[in-house]
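Examination of the molecular architecture
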2 protein chains.
Amino acid sequence: MIRHKAQIPPVIREQFWGGEGSMASVPLLADDEFHGKGRVFAVNSLKPGHSIGVHTHKGDFEVYYILKGEGLYHDNGVDVRVKAGDVTYTWDGQCHGMINVGAEDLEMIALVLFTNA
Amino acid sequence: MIRHKAQIPPVIREQFWGGEGSMASVPLLADDEFHGKGRVFAVNSLKPGHSIGVHTHKGDFEVYYILKGEGLYHDNGVDVRVKAGDVTYTWDGQCHGMINVGAEDLEMIALVLFTNA
């Protein structure tokens with residue numbers, strides 16, 4: 001089966017986790033396609049100045065793979081600049097957030113898998 | 001935690017599933033980081049003419065998200081051209097393969113999650 005990203009309706013998350021503006025999230029897997037292993041596999045994008053507020057993961061972990069743009073990433077207490085090719089890890093119990101500090105859209109793959117046995 | 005893709009050693013898979021040439025796979029998660037939920041989350045690339053042979057998934061499913069290049073994708077019996085933004089799904093019990101039919105590297109995100117309860 002093949003889907004084309006442009007044909008998948010993006011989910012718009014306003015002030016996501018208390019961030020500025022909104023995040024557009026294109027789900028590559030629907031909720032019932034994870035077989036209970038996780039809850040997010042998506043292409044997320046933030047316009048310049050928009051952000052994902054800092055939040056803590058509990059019962060799951062998240063990986064971002066940055067595709068394009070420039071971000072200021074909050075890495076469990078430390079702010080770090082990120083760009084295409086960077087991979088971020090927020091393990092169960094850790095927190096993270098992201099601000100688009102560049103001039104173009106910041107785009108990333110996001111994967112959230114559960115940590116239960 | 002942050003890793004930079006260029007610092008993660010690629011795994012070179014020669015004649016992957018009987019394909020031509022080799023596939024370079026940069027693992028974004030190590031085996032012990034999946035919490036038992038899956039076994040592949042990687043950036044895979046094929047040089048022009050190189051391929052992944054057709055193979056069947058059993059006990060798991062795989063999603064490709066095409067990042068760049070042009071491929072001829074074998075979608076469980078049907079050959080389809082794919083390019084950046086296309087998302088392919090190989091559910092448990094289905095088969096797939098991929099040939100780079102373009103002039104540049106074909107790059108894709110690959111995710112394999114288990115289907116067990």
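Residues numbered from 1 in each chain as written. Chains lettered and ligands numbered in written order. Predicted model: local features only at pLDDT ≥ 70, side-chain atom pairs only at ≥ 80, totals over all residues. Heavy atoms only, no water.

1. Considering the interface of chain A and chain B
Contacts between the two partners involve 34 residues from chain A and, on the opposite side, 34 residues from chain B. For the chain A and chain B pair, buried surface summed over both sides reaches about 3100 Å², with 68% attributable to carbon and sulfur atoms. The interface formed by chain A and chain B includes 0 salt bridges. Counting every contact that joins chain A to chain B gives 18 residue pairs in polar contact (both at pLDDT 80 or more). The set of elements that each furnish at least two residues to the side of chain A that touches chain B consists of strand 1 (2–4), strand 4 (38–46), strand 6 (60–68), strand 7 (70–75), strand 8 (78–83), strand 9 (86–90) and strand 11 (106–114) of chain A. Residue classes in the side of chain A that touches chain B are distributed as 22 nonpolar, 6 polar and 6 charged. Pairing of strand 9 of chain A with strand 1 (residues 2–4) of chain B, which is carried by 3 bridges, proceeds in the antiparallel orientation. Paired with Asp86(A) across the strands is His4(B), a residue of strand 1 of chain B. (Contact = heavy atoms within 4.5 Å. Buried area = accessible area lost by both parts, 1.4 Å probe. Salt bridge = Lys/Arg side-chain N within 4 Å of Asp/Glu carboxyl O. Polar contact = N/O pair within 3.5 Å; in protein donor to acceptor, adjacent residues only side chain to side chain. Helix = DSSP H or I, 4+ residues; strand = E, 2+ residues; numbered from the N terminus. Nonpolar A, V, L, I, M, F, W, Y, C, P; charged D, E, K, R; others polar. Pairing = 2+ DSSP bridges.)

2. Observations concerning the packing of aromatic side chains
Scanning the entire structure with this criterion turns up 9 aromatic pairs over all chains. A ring pair is formed by Tyr89(A) and Trp91(A), whose centres lie 5.4 Å apart and whose planes are at 20 degrees; its orientation type is stacked. Summarising the burial analysis for this pair, Tyr89(A) and Trp91(A) share the class buried. The ring of Tyr89(B) has Arg3(A) sitting right over it, with the charged end atom 4.4 Å from the ring centre. (Phe/Tyr/Trp six-rings, centres within 6.5 Å; stacked < 30°, edge-to-face > 60°. Buried < 20%, exposed > 50% of the residue type's maximum accessible area, 1.4 Å probe, protein only. Lys NZ or Arg CZ within 6 Å of the ring centre and 35° of its normal.)

3. Examining the nonpolar core
Side chains that are nonpolar tend, in soluble globular proteins, to be buried together. Counting 34 residues, the largest nonpolar core has Phe41(A), Ile109(A) and Phe41(B) as its most contacted members. In contact with Ile109(A), other than residues within four places in its own chain, are Leu28(A), Phe41(A), Ala42(A), Val43(A), Val63(A), Tyr64(A), Tyr65(A), Leu67(A), Phe41(B), Tyr65(B) and Ile109(B). Core analysis: the second largest hydrophobic core is formed by 14 residues, Ala42(A), Leu46(A), Ile66(A) and Met98(A) among them. (Core = buried A, V, L, I, M, F, W, Y, C linked by side-chain atoms within 4.5 Å.)

4. Some remarks on the relation of the copies chain A and chain B
Screw-axis analysis of chain A against chain B gives a translation of 0.0 Å along the axis, an RMSD of 0.0 Å, and a rotation angle of 180 degrees. Such values leave the two copies arranged in the relation of a two-fold axis. It is Lys37(A) whose C-alpha, among those of chain A, lies nearest the rotation axis, at 2.7 Å. A shared interface surface links the copies, since 100% of the contact residues of chain A are contact residues in chain B too. (Least-squares fit on C-alpha atoms with pLDDT ≥ 70 in both.)

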